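# Structural features, examined
Letter by letter, the chains look like this.
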Protein chains: 2
Amino acid sequence: MLTMGLERLVLVAPRFFPHPEASALASGATRVLDAARVVATLDEALADCIFTVGFSARPREFAGHVVPVRAAARKVLTQATAGEVALVFGTEMSGLSNVELARCTMVATIPANAAYGSLNLAAAVQVASYELRVMALGDAVWEAPRFPLATSGEIEALYAHAARTMTAMRFLNPQMPKRLLPRLRRLFARAGLEKEEVNILRGILTRVDALMDAQGPSGAER
Amino acid sequence: MLTMGLERLVLVAPRFFPHPEASALASGATRVLDAARVVATLDEALADCIFTVGFSARPREFAGHVVPVRAAARKVLTQATAGEVALVFGTEMSGLSNVELARCTMVATIPANAAYGSLNLAAAVQVASYELRVMALGDAVWEAPRFPLATSGEIEALYAHAARTMTAMRFLNPQMPKRLLPRLRRLFARAGLEKEEVNILRGILTRVDALMDAQGPSGAER
């Protein structure tokens, strides 16, 4: 829950709570457990809610309005502007009963492998919380630092340098260039060259130039 | 993995494998473990792949192309038509190293609470597998059985019946109907009445009619 920014947990008639194992597994997120509200019945948990979504992995005859979790997340967010909402999960062993599910406004389910469809409770809560977060906040994620991009002028100077050096190396025949330079252009255009990368590539070319100069006419350029 | 239809697991230098605890936790999905390929290095695991996505919760300086898991799932599916692809996850404790991440074509991350952003390995795999499944197969889910819907004629007969009974009950004044009938129409239109529900509602009205008949002129209809 906390990884997805959810902090309000209500436990209905837990067999063991608080429990040292739960606290240990919560590694660093114990404040969600510490603040958990414990109630005796599902009705008590949902009393103030205007919209509740029960999760069920298996088909139920009277489930009414069943939607995939992504659509449920959209609806929950809409309704959350009007009052309290809740996601409702059953026990690890048997999920929500039909009676409990009938207490919910909407039934949601997680698209899964029909041959092995039952997610662990924790896994189901993770997926549902994730969908809520993406629906609420979009899927902005951390970005790697941006480094300054090379200009066209810098990139053309690189290609000109590369053409000279490869010609001197006899790797490129300027009379029959074939597809070598276009392929290199395609590769680097796809990557999007940064200034520093152009400098590194030109440094490599300059080093090759120096090697050939040192070899003199007996070298590659003879 | 199996809940989302994924079956090909490769383990890189596992400390313990096979392990009875892993088999116990896999409850019913042991064939994924049984078929798991064990290799000594990440390079060996990825050798035949044309596209690999490494997952990282934390920003990395040289991560290059970082995308949210939903966009990564789209890209993985596109590339899967051209060759082998892989999702790459690090250890529970420390994730992928920078060197391991640099082996991957793309870096993906799961949008999470910046203040508590690190999902368990199992939770991250669940979310990533779920996104792959929804991207590949859509989010078709089980549906509750459809019962035959009532026709307009049946529904209008219900409202006419309701208007007669409520008038007889002196709950509705046909000269000043106010908003009662429009509100009932709105409620039932939103629900979408089924044939059997119309029959139930008309049964209730008929029962009320009978009660009033039995009471005679001293009853509500006097």
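Above this text sits the structure in question.
Our subject in this report is the structure included herewith. Fair warning: this is a prediction, and the values are worked out from it, not measured in the lab.

Moving on to the overall build of chain A. Within chain A one finds nine helices and six strands. Taking 222 residues into account, the globule formula puts the C-alpha radius of gyration at 17 Å, and chain A, at 31 Å, lies well above it. Overall size of chain A, expressed as C-alpha extent along the three principal axes, is 90 × 40 × 35 Å. Taking all 222 residues of chain A together, the buried fraction comes to 35%. A sequence separation of at least 24 residues applies to 80% of the contacts in chain A between residues at least 6 apart. Element-wise, carbon and sulfur atoms account for 57% of the exposed surface of chain A, whose accessible area totals about 13400 Å². For chain A, the distance from the average position of its 24 positive side-chain charges to the average position of its 21 negative side-chain charges is 11 Å.

Facing the 47 residues of chain A at the interface are 47 residues of chain B. Buried area between chain A and chain B, summed over both chains or domains, comes out near 3700 Å², and the portion from carbon and sulfur atoms is 67%. The three residues of chain A that bury the most area against chain B are Tyr116, Tyr130 and Trp142 of chain A, which together make up 22% of that side's buried surface. Joining chain A to chain B, the criterion identifies two salt bridges. In this structure, the salt-bridge partner of Arg70 of chain B is Glu131 of chain A, at a minimum N-O distance of 3.0 Å.

This brings us to helix H9 (residues 195–215) of chain A. In an α-helix, one turn spans 3.6 residues; hence positions three or four apart end up facing the same way. All names here are of chain A. With 21 residues, H9 should reach 30 Å at 1.5 Å per residue; the first-to-last C-alpha distance of 30 Å fits that figure. Three or more residues of H9 are buried, namely Val198, Leu205 and Met212. Buried residues in H9, looked at end-on, bunch into an arc of 45 degrees, giving them a common side. Exposed residues lying more than 90 degrees from the buried face of H9 are Glu196, Asn199, Arg207 and Ala214. Summarising the contacts, the buried residues of H9 are in contact with helix H7 (152–168).

A separate point is the pairing of strand E6 (residues 106–109) of chain B. Residues and elements named next belong to chain B. What you see with E6 is no split at all: Met106 and Ala108 on one side and Val107 and Thr109 on the other are buried throughout. Two elements, strand E3 (residues 49–55) and E6, share three bridges in a ladder whose sense is parallel. Looking across to E6, one finds that Phe55 is bridged to Ala108. Pairing analysis gives three bridges linking strand E4 (residues 66–68) to E6, with the strands arranged parallel. Residue Pro68 lies in a different strand from E6, and its bridge partner there is Thr109.

Turning to the pattern of salt bridges, a few remarks are in order. Residues and elements named next belong to chain A. By the definition in use, this model includes 16 salt bridges over all chains. The closest approach of N and O atoms between Glu156 and Arg185, which form a salt bridge, is 2.8 Å. Note that Glu156 is positioned in helix H7 and Arg185 in helix H8 (residues 180–191), a separation of 29 residues in sequence. For Glu156, a relative accessible area of 37% translates into the label partly exposed.

Moving on, we get to the relation of the copies chain A and chain B. Least-squares fitting of chain A to chain B yields an RMSD of 0.2 Å, with the superposition described by an axial translation of 0.1 Å and a rotation of 180 degrees. Expressed as a symmetry operation, the mapping of one chain copy onto the other fits a two-fold axis. Both copies contact each other with a shared surface, as 100% of the interface residues of chain A are interface residues in chain B too.

Now for the packing of helix H4 (residues 69–80) of chain A against helix H6 (residues 121–137) of chain A. All names here are of chain A. Here H4 crosses H6 at 55 degrees, and the two axes come no closer than 9 Å. Considering their axes alone, H4 and H6 lie oblique with respect to each other. For the crossing formed where H4 meets H6, the hand is right-handed. Where H4 abuts H6, its residues Val69, Arg70, Ala73, Arg74, Val76 and Leu77 lie against Val127, Ala128, Glu131, Leu132, Met135 and Ala136. For the contact of H4 with H6, the residue count by class is nine nonpolar, no polar and three charged.

All names here are of chain A. On the basis of which strands lie adjacent, the open sheet formed by four strands has the order E4-E6-E3-E5 and parallel pairing. Edge strands, defined here as strands with exactly one partner in the open sheet, are strand E4 (66–68) and strand E5 (84–88). On average, each strand axis in the sheet is tilted by 30 degrees relative to the strand beside it, whichever way the strands run.

Positionally, Cys49 of chain A belongs in strand E3 (residues 49–55). Cys49 of chain A gets classed as partly exposed once you look at its relative accessible area, which sits at 21%.

This paragraph deals with unusual backbone geometry. All names here are of chain A. The amide bond that connects Phe17 to the next residue, Pro18, takes the cis arrangement and shows omega of -10 degrees. In the Ramachandran plot, Ala13 falls in the positive-phi region, its phi being about 45 degrees despite a non-glycine side chain. Judged by relative accessible area, Ala13 falls into the partly exposed class, the value being 47%.

Residue and element names in this part refer to chain B. Read across the sheet, four strands follow the order E4-E6-E3-E5 without closing on themselves; strand pairing throughout is parallel. Edge positions in the open sheet fall to E4 and strand E5 (84–88), since each of these has one partner strand only. Each adjacent strand pair in this sheet contributes to an overall mean axis angle of 30 degrees, direction not counted. Of the pairings in the sheet, the one linking E3 to E5 comprises five bridges and is parallel in character.

What counts and how
Residues numbered from 1 in each chain as written. Chains lettered and ligands numbered in written order. Predicted model: local features only at pLDDT ≥ 70, side-chain atom pairs only at ≥ 80, totals over all residues. Heavy atoms only, no water. Helix = DSSP H or I, 4+ residues; strand = E, 2+ residues; numbered from the N terminus. Rg over C-alpha atoms; globule rule 2.2 N^0.38 Å. Buried < 20%, exposed > 50% of the residue type's maximum accessible area, 1.4 Å probe, protein only. Contact = heavy atoms within 4.5 Å. Areas by Shrake-Rupley, 256 points an atom, 1.4 Å probe, with all protein chains shown as cover. Lys, Arg positive; Asp, Glu negative; His and termini not counted. Charge placed at Lys NZ, Arg CZ, Asp CG, Glu CD. Buried area = accessible area lost by both parts, 1.4 Å probe. Salt bridge = Lys/Arg side-chain N within 4 Å of Asp/Glu carboxyl O. Expected span 1.5 Å × (residues − 1). Arc of directions from axis to C-beta. Pairing = 2+ DSSP bridges. Least-squares fit on C-alpha atoms with pLDDT ≥ 70 in both. Axes fitted to C-alpha atoms, helices over the stretch in contact; angles between N-to-C directions. Parallel < 35°, antiparallel > 145°, perpendicular 65-115°, else oblique. Left-handed = near helix turned anticlockwise from the far one by under 90°. Nonpolar A, V, L, I, M, F, W, Y, C, P; charged D, E, K, R; others polar.

The values are spatial; any link to function lies outside them.
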